[in-house]
Amino acid sequence: MQPIISTTITFVKQQLKNAEGGHDWFHIERVWKNSKLIASKEEGADLLVVELGALLHDIADSKFHDGDETVGPRVAREFLASENVDSDIINHVVKIIENISFKGGNVNQKFKSLELDIVQDADRLDALGAIGIARTFNYGGFKNRPIYDPAIQPDLNMDVDTYKKSNSPTINHFYEKLLLLKDRMNTETGKQLAQERHEFMERFLVQFYAEWTGEK
């Protein structure tokens, strides 16, 4: 492990020691590990950029900073500069942080690179499957949202501001984000890993509705 990776891990653990359970160090660790797995199967990726991007991608998530998307990139840039990381690497990592997030179904990202594709896929994988379900309900509870309300339909046409401000029931989030991710994976490895997790969520929803309506 390169010294800068070890130093970054220590920094991230300290910064996120009181974070919400779905966006804590363990989320970062899972994304970091999945990023390395995907990068190992995708030729041409700069592994240092991938690892730093994964470790710092949620260093100051805008959801927990009044929607301010400038905090995370600024914190990451200041940290990497303090560690004398090459400016080209810093700029690339910051671009990853600025462009990684899902901002609603109708928004296209403004920057592309293989390294961003890899980290974004790894982050999206952590929003899928069993862990994705657990994180979704954890965050819904954190925001005091209802679990489900049959009268409130998912909104698949939200712009960025509406998506950020949405307080719709947690089940709606499956349709507004989670079930859309499988078809938005960037790499072949990411697509393969996403398929099983996507199918698990579909089975969960079938069981959920059956229990909700008293069929099971």
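Residues numbered from 1 in each chain as written. Predicted model: local features only at pLDDT ≥ 70, side-chain atom pairs only at ≥ 80, totals over all residues. Heavy atoms only, no water.

Colleague: When you look at the overall build of the chain in this model, what are you seeing that I'm missing?
Modeller: The secondary structure content of the chain amounts to 10 helices and 0 strands. Each helix and strand of the chain, placed in order from N terminus to C terminus, yields the pattern α-α-α-α-α-α-α-α-α-α. Radius of gyration (C-alpha) of the chain: 17 Å, near the 17 Å computed for a compact globule of 216 residues. C-alpha atoms of the chain, sized along the principal axes, occupy 60 × 35 × 30 Å. (Helix = DSSP H or I, 4+ residues; strand = E, 2+ residues; numbered from the N terminus. Rg over C-alpha atoms; globule rule 2.2 N^0.38 Å.)

Colleague: Is there a simple way to think about the environment of Glu202 in this case?
Modeller: The residue Glu202 is located in helix α10 (residues 188-212) in this model. Along the backbone, Glu202 and Gly129 are 73 residues apart, and their C-alpha atoms lie at a distance of 9.2 Å.

Colleague: When you look at helix α4 (residues 71-82) in this model, what are you seeing that I'm missing?
Modeller: Turn by turn, an α-helix covers 3.6 residues, leaving residues three or four places apart pointing in a common direction. Relative to the 16 Å expected for 12 residues at 1.5 Å per residue, α4 spans 17 Å between its end C-alpha atoms, a close match to the ideal helical length. Regarding α4, the residues found buried are Val71, Gly72, Pro73, Val75, Ala76, Phe79 and Leu80. Buried positions along α4 lie against α1 (3-15), α3 (47-56) and α5 (87-99). Asn84 sits one or two positions beyond α4 and adopts a positive phi of about 60°. (Expected span 1.5 Å × (residues − 1). Buried < 20%, exposed > 50% of the residue type's maximum accessible area, 1.4 Å probe, protein only. Contact = heavy atoms within 4.5 Å.)

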